[in-house]
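One-letter residues, chain by chain:
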Amino acid sequence: ELKVEQNPLFLSMQEGKNYTIYCNYSTTSDRLYWYRQDPGKSLESLFVLLSNGAVKQEGRLMASLDTKARLSTLHITAAVHDLSATYFCAVEFGKLVFGKGTKLTVNP
Amino acid sequence: ETGVTQTPRHLVMGMTNKKSLKCEQHLGHNAMYWYKQSAKKPLELMFVYSLEERVENNSVPSRFSPECPNSSHLFLHLHTLQPEDSALYLCASSPKGRNSYNEQFFGPGTRLTVL
């Protein structure tokens, strides 16, 4: 069975702190996507990771992919309130299989 | 703006009503998707159309009926829905078609409430 597991599912952090969201998946794939969803809004594409060792960075967010470990991480550096949202990873197994999402709240 | 639009944005319907959701993409993509997003559940893929042909139907009840008249438009026809069908319905599109699904771009969604 194809499984994509994110943890934590809920994350409350203070501004200025660093944290990492993890995405594990059950079957070999070398394509992984990270999306952001604000409340009541749609999903916005953040990163596309297409090979083992891929690393992408945009502002305070950095995503990486280890296909051997079947693991992707989304690292948040010096969090700010604007990063508060739900973050989804999705793994491509012919179709996209999404994790349950990590709801991030950044407190002042 | 992702280039994928959905109408209506909000819909309230009774269990005996018939309604349709519409999705349009302006990105020149070849594949389109319907997803259901319920509270506390992962995003669920419902249907995939590739080059206007339905290539995936994830055991969705027949009260949901998709239609893809061309590569830019996708509909979801609804009839005799149940309260548990209340959810956010998201449309997405991606550049490639058959056998390869890459980065998907999502519309704003239709918030559906079934009374």
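Preceding this paragraph is the structure being described.
Since we're looking at a predicted model, the values are computed, not measured.

Enquirer: Would you take a moment to explain the overall build of chain A for this structure?
Expert: Helix and strand counts for chain A stand at zero helices and eleven strands. In sequence order, the secondary structure elements of chain A are arranged as β-β-β-β-β-β-β-β-β-β-β. Here chain A has a C-alpha radius of gyration of 13 Å; the compact-globule value for 108 residues is 13 Å, and the two agree. For chain A, the spread of C-alpha atoms along the principal axes amounts to about 40 × 30 × 20 Å.

Enquirer: Explain the state of the cysteines to me, please; I cannot follow it from the model alone.
Expert: By definition, a disulfide is the covalent link that joins the sulfur atoms of two cysteine residues. Residues and elements named next belong to chain B. Within the structure shown, the criterion is met by two disulfides over all chains. Note that Cys23 is cross-linked by a disulfide to Cys91, the S-S spacing being 1.9 Å. On the sign convention where negative is left-handed, the bridge of Cys23 and Cys91, at about -75 degrees about the S-S bond, is left-handed. Residue Cys23 is located in strand S3 (residues 18-25), and its partner Cys91 is located in strand S9 (residues 87-94); the two are separated by 68 residues in the primary sequence.

Enquirer: Would you mind going over the interface of chain A and chain B with me for this structure?
Expert: It is common to give the size of an interface as the accessible area lost on bringing the parts into contact. Each partner contributes to the interface: chain A provides 18 residues, whereas chain B provides 18 residues. Carbon and sulfur atoms make up 53% of the area that chain A and chain B hide from each other, which totals about 1,400 Å². Among the secondary structure elements, those contributing two or more residues to the side of chain A that touches chain B are strand S4 (32-37), strand S5 (43-49), strand S9 (85-92) and strand S10 (96-98) of chain A. Its residues assigned to classes, the side of chain A that touches chain B comprises seven nonpolar, six polar and five charged.

Enquirer: So what exactly am I meant to see when it comes to the layout of surface pockets here?
Expert: Computed from the structure, the largest pocket encloses a volume of approximately 660 Å³. Of all the secondary structure elements, the ones that give two or more residues to the lining of the largest pocket are S9 and strand S11 (102-107) of chain A together with S9 of chain B. In terms of residue class, the lining of the largest pocket is built from nine nonpolar, nine polar and seven charged. What the second largest pocket holds in volume is close to 410 Å³. As for the second largest pocket, its lining consists of 17 residues, of which Leu2, Val97 and Phe98 of chain A together with Pro42 and Leu43 of chain B are closest to the centre. Taken together, the elements giving at least two residues each to the lining of the second largest pocket come down to strand S1 (4-7) and S10 of chain A together with strand S5 (44-50) of chain B. Classifying every residue of the lining of the second largest pocket by side-chain character gives nine nonpolar, two polar and six charged.

Enquirer: I would appreciate a short explanation of the pairing of strand S6 (residues 55-58) of chain A in the present structure.
Expert: Regular strands place side chains that alternate from one sheet face to the opposite one. All names here are of chain A. In the sheet, S6 pairs with strand S7 (residues 61-66) via four bridges, with the strands oriented antiparallel. Among the inter-strand pairings, Glu58 is bridged to a residue of S7, identified as Leu61. Taking the residues between adjacent antiparallel strands as the criterion, S6 and S7 are bridged by two residues, where Gly59 takes a positive phi near 60 degrees.

Enquirer: Where do I start with the sheet that holds S1 of chain A in this structure?
Expert: Within a sheet, adjacent strands bond to each other through the backbone by hydrogen bonds, running parallel or antiparallel. Residue and element names in this part refer to chain A. Ordered in space as S1-S3-S8-S7-S6, the five strands form an open sheet in which the pairing is antiparallel. If you trace the sheet from one side to the other, it starts and ends with S1 and S6, each paired once. In this sheet, adjacent strand axes meet at a mean angle of 15 degrees when their direction is disregarded.

Enquirer: For this particular structure, what's the right way to read the sheet that holds S3 of chain B?
Expert: Residues and elements named next belong to chain B. The four strands lie next to each other as S1-S3-S8-S7, forming an open sheet whose pairing is antiparallel. Two strands lie at the open edges of the sheet, namely strand S1 (4-7) and strand S7 (64-70), each paired on one side alone. For this sheet the average axis-to-axis angle between neighbouring strands, irrespective of direction, equals 20 degrees.

Rules of the game
Residues numbered from 1 in each chain as written. Chains lettered and ligands numbered in written order. Predicted model: local features only at pLDDT ≥ 70, side-chain atom pairs only at ≥ 80, totals over all residues. Heavy atoms only, no water. Helix = DSSP H or I, 4+ residues; strand = E, 2+ residues; numbered from the N terminus. Rg over C-alpha atoms; globule rule 2.2 N^0.38 Å. Disulfide = S-S within 2.5 Å. Contact = heavy atoms within 4.5 Å. Buried area = accessible area lost by both parts, 1.4 Å probe. Nonpolar A, V, L, I, M, F, W, Y, C, P; charged D, E, K, R; others polar. 1 Å grid on protein atoms, 1.4 Å probe; cavity = no way out; pocket = protein on both sides within 12 Å on 5 of 7 lines; lining within 4 Å. Points joined across faces, edges and corners; volume = space filled by probe spheres on them. Pairing = 2+ DSSP bridges. Axes fitted to C-alpha atoms, helices over the stretch in contact; angles between N-to-C directions.

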